[in-house]
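# Summary of the model geometry
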Amino acid sequence: MAKKTKTSVADAVYAKKAVKKENPFATATAATSKKLNPFEVHMNKEKFQILGRTCKHDKGLPGVSRAKAIKKRKETLGQEFLRKDKTNKFKDRRIGKFLTGDELTEQVMAARFVADKMERMKQNKHSRFNLNDDEVLTHRGQTLEEIEQFRDDRSDDEAEEDDKLDAAFTEAAHFGGDDSAAKDRKSAIEEMIAEQKKRKVEIAKEKDELYDLTEKLDSNYKDLISLVGKMSKNEMKKQEPDDYDRLTRELIFEPRGVVSDKLISEEDMAKKEKERLERLENERLRRMKADGEDDESNAKPKHRSADDLDDGYFANGVEEEDGTLTYTMEGELGTNLKTRSADDESEEDEEKAVHDEDESGEEEDDDDEDEEGEEEEDDEDDDNLSDLKVTDSEGEDSENETEKPVKDKKPKNTEVNKKPNVERTDLPFTIEMPKNYGEFVKLLNEYKMQDQSIIVERLIKCNHPKLEGVNRENVVKIFAFLLQLVNDKFSDAGPDDIRENFQFLSLIMPQLFDLIHLNAERMSNILLDVIKEKYAEFKKNSKQYPSLEVLVYFKIVSNLCSTSDFRHPIATPCYIFMQHILSKARVKSRQDIAMGLFLVNLCLEYGHMSKRFVPAAFNFLTGLIFLCIPKRPVEIIKIVPPFQNQGPLNKLLAIPTDAKEYKDIGEEPLKAEDLVMQLISNDFKVRSINQSLQLIQDATTLVSEHVGSNFLVSPIYEMLEKLDVTPYPTYVKENYEKTKTLLTTVVNKPLTKLVPPEKKPKALRLLEPRIETVYDDKRRPKLSKEKEEKVKMVHKIKRETKGAIREIRRDTEFLQKIRIQQQLQSDKERREKVKRIYAEASLQQGELNALDREKKKKKKF
Amino acid sequence: MAPIETPPATNLKSKISKGLRAKANDFLNSKVKSKNLEEIIQFLDNAIKHKESLTPALLTLEVVFTQLLKRKEMFVSANKQESESEAETKYRDWLRERYEQTWNLMLSAIENCEKSQDASQALSCCMKLLAAEGKYPINVSEEPLNFPRKRLRGIIEKLLSENRLMPTLISSFKEFAEYLDVVQNCWFILSSMVKKSMTQTENVAINCLHLINAIPLNKSVQDNAKLLVALTENAPETEHFDYANTRKHINRIWNNIMTWLEPNLAESVHRQMLIVLLECVLPHLERPVLLTDFLMDSLDCGGAVSLLALQGVFTLIQKHNITYPNVYEKLYSMFEPEIFHTKYKARLFYLADIFLSSTHLPENLVAAFMKRLARLSLIAPPQDTVIMLQFIGNLLLRHLGLKRLICATQATEVSTDPFNMHESDPIKSNAIDSSLWEIVALQKHAIPSVATAARFISQPLPKKEWDLSEILEIKEDDIFEEETTTSNKKSKQQYALAFEKPETMFLPKNDQFQRHWSLI
């Protein structure tokens, strides 16, 4: 192998021919490859073959490269030499001046054309704004206009014909062999040409005639056209369509099915709804968390893999859901086991409560002197309570509806809304938008309360923003009206109409919900403005509980807004407002106590999802227990304001320990009337303590999982210990014990000392392999890097100078050659001139001599 | 300087009813209609008796008498002019009588008028007449002083009424406290009026203290040197303001006040005394060290009184080099839940911040303060919670050793908090072994600003301390305001709505109300 490479390529070229290989194609070279002339190839011998080095100089073509160099010199140095001592210069500034031959493509030419035009435009001011191009376009020397003029329709098909020879002729001329072939060739061709010409003339003539005729027909057509139309209308009588035709038509014109969304089955709908809810729930959870607040479950993955790179991926990808919300298969909100069971419990409680309510309905009425007037209403209320779960629209009248299971309530909704429409013909379907609040109230007052919500609903439907742009304002107005109406209804509600008002609120709540979803920003702003106004009112006298409508607004906010957000433009101000009331307002009467409990309840409802708490609510509950403790005059129990440990107000709810009359009071929830009445009755005392105990339970469960909740509930616990429950009915005692055990568990919850959040282990730094170049050349001394570099550079310079000198030498050589050629040329010319002159001169001399000789001859003669 | 500021004409017109105005004009235009003046005065008298609105009559009379004073129609020159007819003398005497009558009526209006607006109107009318009289005196010979001290004395006597407290009146008197001569003369008059016996009626004492509080002799008053009654060129030396003299008066007054101290002194008087002491008197006292006993006794009283006393003690410590051994214990005992409902809580935090600013305090003491603050923050209103959280943060920054309260070396579990809240001695409260769980709990506070403030313990501590002075004065409504305005700036997405449609007034899920209420 080594030997082979050593032999010159020139030899190899011949060797290839000589040695016969088994495969005849092995040596085949592509036809396009240039064959090297072996005499032109110069080989450089290689002493050693070095692996991995590509040798560029093993062979060269001295002749070719010399020619190349000479050519280059001719183009550059030669040109320069020619221009030497000359002042004028020819410069090529065309686009693509270095391009030649094939490189001059159409594009380049187009560019040149455009540039040329621009240049001309610049020179000539007139043409600059000339839109009609002066340039005359030509085709084969004729202007396009001219061609246009003489265009003849007939001439189109001529070209095809005259090139073609007819079959007979070809047969005769090409393959013929009959007797006519005997004729001599020339005459035959002449004959053929003549025939051809004749035929052409005939065809032309025929065409002219045809053309004339068509023209004539065209001109006459206009006269005829009216006749044609008439005939077709009158005389073309339609045939009686038979069954088949009819069927065909029907099939043709039958409306084709439009591509539409496929009918959504109920499962799909449920699925979609579930997805929507899940999405909303996820958003809500995101908002619930404060910026930068980590979800506890995320912050501490239970197991850390050694490969954990802290890039957000956890080795145990699936996070286990802890206290967060989940959905059951029906798409209903459920919670994990723990909270679930709590919910069940609460539901049971609720049912029990409702049940009790039913049972004790009659006796309660007997007990309450104040409420005797509304016995009938109470009955109705009891009904309402029993089917609370049924929507309001179906709640009142349609008995058949109430029997249906609650589950398929949602899809039915539209139907339900329609049905009563048929029944109540007295309700208008379209209602004009009332212009102001007065009219609105008048409009509503014309109907029964149950119908009012339907009226509102229809009003919204008639003024839906999708129908008309103006309605956008109208719905906002309706919303404002409703809020105003709520304000008016509750601000001066008495014990007689308070329930009615709450029923009204209940009825319009879905409408409010729909409304606020139509334009969340505007209506939220209205709601916020209302709350701001109420707050400004409250600020003037913060020692006093605000009137009832404020609480109702809070409840509306709770229903309409996402109160679990970490920061919400409406819910947060409401929180502040509520805590302000709870911490500042003095508790003086039944109404105040009920309102306080209402607010505490609201606080718990607001924070139910987010598990956020308001300390004022806890303070209030502590204070309420404090109010229940019968105190001896000297005894001073520490209590946080707004409650006072002195004065007559500190025993509002207290019951003497030896009292007997309280034992028989039945269990019932707080009543709407409590919110408007001042006097504290015995049953209210029992009611309020019972419900506060339950609220304490709720509040405690709310915060029980937080670190440090011990301290939050411990004041309540201490206060509870001071309460003596002997005079209370048994259910209060039970509740008391339950609350106490719950509180004990929370108060005695073990505390873990605070440690800083576990620091994430830092990933080890991976080391890149460090490769050093080792110069181990013994011939050269070891040099430092800079010196090495310098030596290299010096060497390079040397080589470059050498090369440059060589180039210069070659240049001078080339120039000398030119010069010598010029010299030789001029010498040659001169010599020829001299020769010619000599020749002429000698000729002249000859002639002269000849003349002389003749003269001499003449003289002689 | 405009000593008499008659309200602009339009303003007057709207206030003075037409009839009164016409009468006053008639009277001023011709002396013949003197009956009109009597009618106006009668009108005022009736109004006072029947408790009607006094303002029109008061303003009319003020204008009338200011005009009369300007015209010098009541002026009695030293040398009686012969040219003066008897009728004129008689008229002048009559005028002067009416003037005195009006003055007395006005004074009685100040004292007895129930409507605070009318009373303060009467007061300002009196002061304006006083100023006018100072400018155009009615007697030359009688008094060498230009300033009608007698009249001022009359006013002050009324202000120190026994019958009721006059906070609004005194606060409206405050607007004249910017005049140096008024302040000076007030002190002068008070020095002869404040007596020991004043404590017997609480109202007088409190009114007196309020009045003193309203006329502080602070630097701005002295520098501005605004005068209600411009001094004439030949005014005697005594008329000019003399600090030493006034100071003497102040000292005398305070000495008198100190004699009020007795075991059964009402708490409100005591508190007011301390306020007056701190805000007006203390800088002018000659020997403040004498106050030590008073302040020590007050420290033991508890509540706002001891807080104010603490501030006094602090001033004494700071400026007069006294030492007080148990000051931290006292301070510690002041952090009680009630503090959030007093006016002085900002003062307490301010003082506590200063007292605890030393980095040389023992760590267990500071830890006790931190734990106590943390406990209180679980009860406090949001604005105070934020203050306390940042205060705790500052304490942590000052005492880096206390980081163990938030960064224990081991996550050991304890059954109860080692900290004893009921221990009165902070050093024995064992706070150093505790941890700040309360702050972790506060991270779940419903109000976002509190929750964010509480998050500082889970983040690396900042380099610089929080500036407490910015947040000391924040109130509930400020937080409310902030929440309602900042939300407007933020994006729409913020108006997040509930997505579960309620069919009744109760929530479709997780309703908390139906369990506890029967509302419909």
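Every value quoted in this text rests on a predicted model; they were computed, and no experiment measured them.

Once that is clear, we can look at the overall build of chain B. In terms of helices and strands, chain B carries 23 helices and two strands. Residues counted as buried form 56% of the 520 residues belonging to chain B. Taking contacts inside chain B between residues at least 6 apart in sequence as the whole, the part at least 24 apart equals 74%. As displayed, chain B has an accessible area near 23,300 Å², and 49% of this comes from carbon and sulfur atoms.

A separate point is the overall build of chain A. Helix and strand content of chain A: 29 helices and eight strands. Here the analysis covers contacts within chain A between residues at least 6 apart in sequence; of these, 68% occur between residues at least 24 apart.

Here we take up a negative patch on the surface. Residue and element names in this part refer to chain A. On the surface, a cluster of negative charge is made up of E202, E206, E209, D212, E215 and D218. For E206, the location among the structural elements is in helix α8 (residues 185-234). Overall, E206 belongs to the exposed group, its relative accessible area being 55%.

At the junction of the two partners, chain A supplies 106 residues and chain B supplies 78 residues. Together chain A and chain B conceal approximately 8,900 Å² of surface at their shared face, both sides included; 62% is due to carbon and sulfur atoms. Between chain A and chain B we count one salt bridge in total. A salt bridge links D514(A) to K501(B), with the nearest nitrogen and oxygen atoms 2.9 Å apart. Linking chain A with chain B are 14 residue pairs in polar contact (both at pLDDT 80 or more), by the criterion used here. A per-element tally of the side of chain A that touches chain B places helix α20 (residues 498-518) of chain A first, with 11 residues. Split into classes, the residues belonging to the side of chain A that touches chain B amount to 49 nonpolar, 27 polar and 30 charged. Summarising the sheet, strand β7 (residues 670-671) of chain A and strand β2 (residues 517-518) of chain B pair through two bridges and their orientation is parallel. Looking at the pairing, K671(A) lines up with S518(B) of β2(B).

The share of residues in chain A with pLDDT of 70 or more is 71%, and the mean pLDDT across the chain is 74. The model gives residues 294-425 of chain A a pLDDT under 50, and that stretch makes 123 contacts with residues more than four places away or in other chains.

All names here are of chain B. Predicted confidence across chain B gives a mean pLDDT of 75, with 83% of residues reaching 70 or more. For chain B, per-element mean pLDDT is lowest for helix α1 (residues 9-15), which scores 49, and highest for helix α18 (residues 363-377), which scores 89. For residues 1-10, every residue scores under 50 in pLDDT, and the model assigns this stretch 11 contacts once sequence neighbours within four places are set aside. Our summary of model confidence lists the complex with pTM equal to 0.58 and ipTM equal to 0.70.

Residue and element names in this part refer to chain A. A cluster of basic side chains, namely R66, K792, K796, K798, R799, K802, R806, R809, R810 and K817, defines a positive patch on the protein surface. Mapped onto the fold, R66 is located in helix α3 (residues 62-82). Take R66: its relative accessible area is 55%, and that puts it in the exposed class.

The topology assignment puts L400(B) in the loop between α19 (382-398) and β1 (413-414). Spatially, the C-alpha atom of L400(B) lies 9.4 Å from that of E363(B), the residues being 37 residues apart in sequence.

Residues and elements named next belong to chain A. Running from amino to carboxyl end, α20 crosses helix α21 (residues 520-540) at an angle of 120 degrees, the nearest separation of the two axes being 5 Å. With respect to each other, α20 and α21 are oriented oblique. Residue-level inspection shows L515, I516 and L518 of α20 in contact with α21, the latter providing A520, M523, S524 and L527. Residues belonging to the contact of α20 with α21 are distributed by class as follows: six nonpolar, one polar and no charged.

Taken as a whole and assessed by the stated rule, the structure comprises 19 aromatic pairs over all chains. With centroids separated by 5.2 Å and ring planes inclined at 90 degrees, the aromatic side chains of F554(A) and F577(A) adopt a geometry described as edge-to-face. With F554(A) in helix α22 (residues 548-560) and F577(A) in helix α23 (residues 571-584), this residue pair connects regions lying 23 residues apart in the sequence. In this structure, F554(A) and F577(A) share a single accessibility class: buried. Through pairs of rings, three or more aromatic residues link up here, namely Y535(A), F538(A), F554(A), F577(A) and F480(B).

Residue and element names in this part refer to chain A. Where α22 meets α23, the closest approach of the two axes is 11 Å, and the angle between their N-to-C directions is 145 degrees. Considering how the two elements wind past one another, α22 and α23 form a crossing that is left-handed. Contacts from V550, F554 and V557 in α22 reach A571, C574, F577, M578 and I581 in α23. Of the residues that constitute the contact of α22 with α23, the class distribution is eight nonpolar, no polar and no charged.

This paragraph deals with the pattern of salt bridges. Residue and element names in this part refer to chain A. Taken as a whole and judged by the stated rule, the model has 28 salt bridges over all chains. Note that K461 is salt-bridged to E457, the shortest N-O span being 3.4 Å. Of this pair, K461 and E457 both sit in helix α18 (residues 449-462), four residues apart, roughly one helical turn. Between K555 and E605 there is a salt bridge, and its shortest N-O distance comes to 2.7 Å.

Residues and elements named next belong to chain A. A cluster of nonpolar side chains, Y221, L224, I225 and L227, forms an exposed patch at the surface whose accessible area comes to about 410 Å². Within the fold, I225 resides in helix α8. What makes I225 partly exposed here is its relative accessible area of 43%.

For the rest of this paragraph, the subject is helix α15 (residues 303-320) of chain B. For α15(B), with 18 residues, the first-to-last C-alpha span of 25 Å sits near the 26 Å given by 1.5 Å per residue. Directly after α15(B), the chain includes N321(B), whose backbone phi takes a positive value near 65 degrees.

Let us look at unusual backbone geometry. Positive phi values are uncommon outside glycine, yet D85(A) reaches one of about 65 degrees. Position of D85(A) among the secondary structure elements: in the loop between α3 and α4 (106-123). The backbone of N430(B) shows a phi angle near 65 degrees, a positive value even though the residue is not glycine. You can see N430(B) is positioned in the loop between β1 and α20 (437-442).

Mapped onto the elements of the fold, E668(A) is located in the loop between α25 (615-628) and β7. A distance of 3.3 Å separates the side chain of E668(A) from the side chain of R687(A), its partner in a polar contact.

Judged by nonpolar contacts, the single largest core of 299 residues is most densely connected at F502(A), F554(A), I556(A), L675(A), L277(B) and L519(B). Every residue in contact with F554(A), bar those within four places of it in the chain, is listed here: C574(A), F577(A), M578(A), I581(A), L599(A), L602(A) and Y606(A).

All names here are of chain B. Burial in helix α16 (residues 327-334) covers these residues: V327, L331, Y332 and M334. In an axial view of α16, the angular spread of the buried residues amounts to 160 degrees, which keeps them on one side of the axis. As for α16, its buried residues are in contact with α14 (291-299), α15, α17 (345-355) and α18.

On to the environment of K738(A), then. Note on placement: K738(A) falls in helix α28 (residues 730-747). Remark: the alpha-carbon pair of K738(A) and Q697(A), spanning 41 residues in sequence, is separated by 8.3 Å.

Basis of the calculations
Residue positions within a chain follow its written sequence, with the count starting from 1. Labels follow written order: the first chain is A, the first ligand is 1, and so on. Predicted model: local features are reported for residues with pLDDT of at least 70 only, side-chain atom pairs are reported and counted for 80 or more only, and whole-chain, interface and lining totals are derived from all residues. Hydrogens and water molecules were not included; the side-chain quantities draw on all heavy atoms of the structure. Helical segments are the DSSP runs of H or I of at least four residues, strand segments are the runs of E of at least two, and each set is numbered from the N terminus. Each residue's exposure class comes from its accessible area (1.4 Å probe, protein chains only) as a fraction of the maximum for that residue type: buried when under 20%, exposed when over 50%, partly exposed otherwise. Note on contacts: a residue pair is in contact if any heavy atoms of the two residues lie within 4.5 Å. Surface accessibility follows the Shrake-Rupley procedure with a 1.4 Å probe radius. Residue values consider only the protein chains on display as shielding. Two joining distances apply to patches: 9 Å for like charges and 5 Å for nonpolar side chains (Val, Leu, Ile, Met, Phe, Trp, Tyr), and every residue must have over 30% relative accessible area and no salt bridge. For this document, the term salt bridge refers to a Lys or Arg side-chain nitrogen within 4 Å of an Asp or Glu carboxyl oxygen. Under this rule, positive means Lys or Arg and negative means Asp or Glu; His and the chain ends count for nothing. Taken as the charge centre is NZ of Lys, CZ of Arg, CG of Asp or CD of Glu, depending on the residue. Accessible surface is computed with a 1.4 Å probe, and the buried area is the amount of it that two parts give up when combined, taken over both parts together. Within 3.5 Å is the distance limit for a polar contact, defined as a pair of N or O atoms, with the added protein rule that one can donate a hydrogen and the other accept it, and that residues adjacent in sequence qualify only through two side-chain atoms. Residue polarity is assigned by list, with Asp, Glu, Lys and Arg as charged and Ala, Val, Leu, Ile, Met, Phe, Trp, Tyr, Cys and Pro as nonpolar; anything else, Gly included, falls into the polar class. DSSP-based pairing: two strands are paired if at least 2 bridges between them are found. Along the chain, pLDDT gives the predictor's confidence residue by residue, from 0 to 100. A fitted line through C-alpha atoms serves as each axis, taken over the contacting stretch for helices, and the angle formed by two N-to-C directions is quoted from 0 to 180°. Angle categories are assigned with fixed cut-offs, so that under 35 degrees is roughly parallel, over 145 is roughly antiparallel, 65 to 115 is roughly perpendicular, and the rest are oblique. Here the aromatic set is Phe, Tyr and Trp, taking the six-membered ring for Trp, and pairing holds for ring centres within 6.5 Å; pairs whose planes are under 30 degrees apart are stacked, those over 60 apart are edge-to-face, and all others are tilted. Each crossing gets its handedness from the near helix: less than a right angle anticlockwise from the far helix is left-handed, clockwise is right-handed. Helix span, as expected, comes to 1.5 Å for every residue beyond the first. Working definition of a nonpolar core: buried Ala, Val, Leu, Ile, Met, Phe, Trp, Tyr and Cys residues. They are joined through side-chain atoms within 4.5 Å. Relevant arc is that of directions from the helix axis to the C-beta atoms, nothing else.

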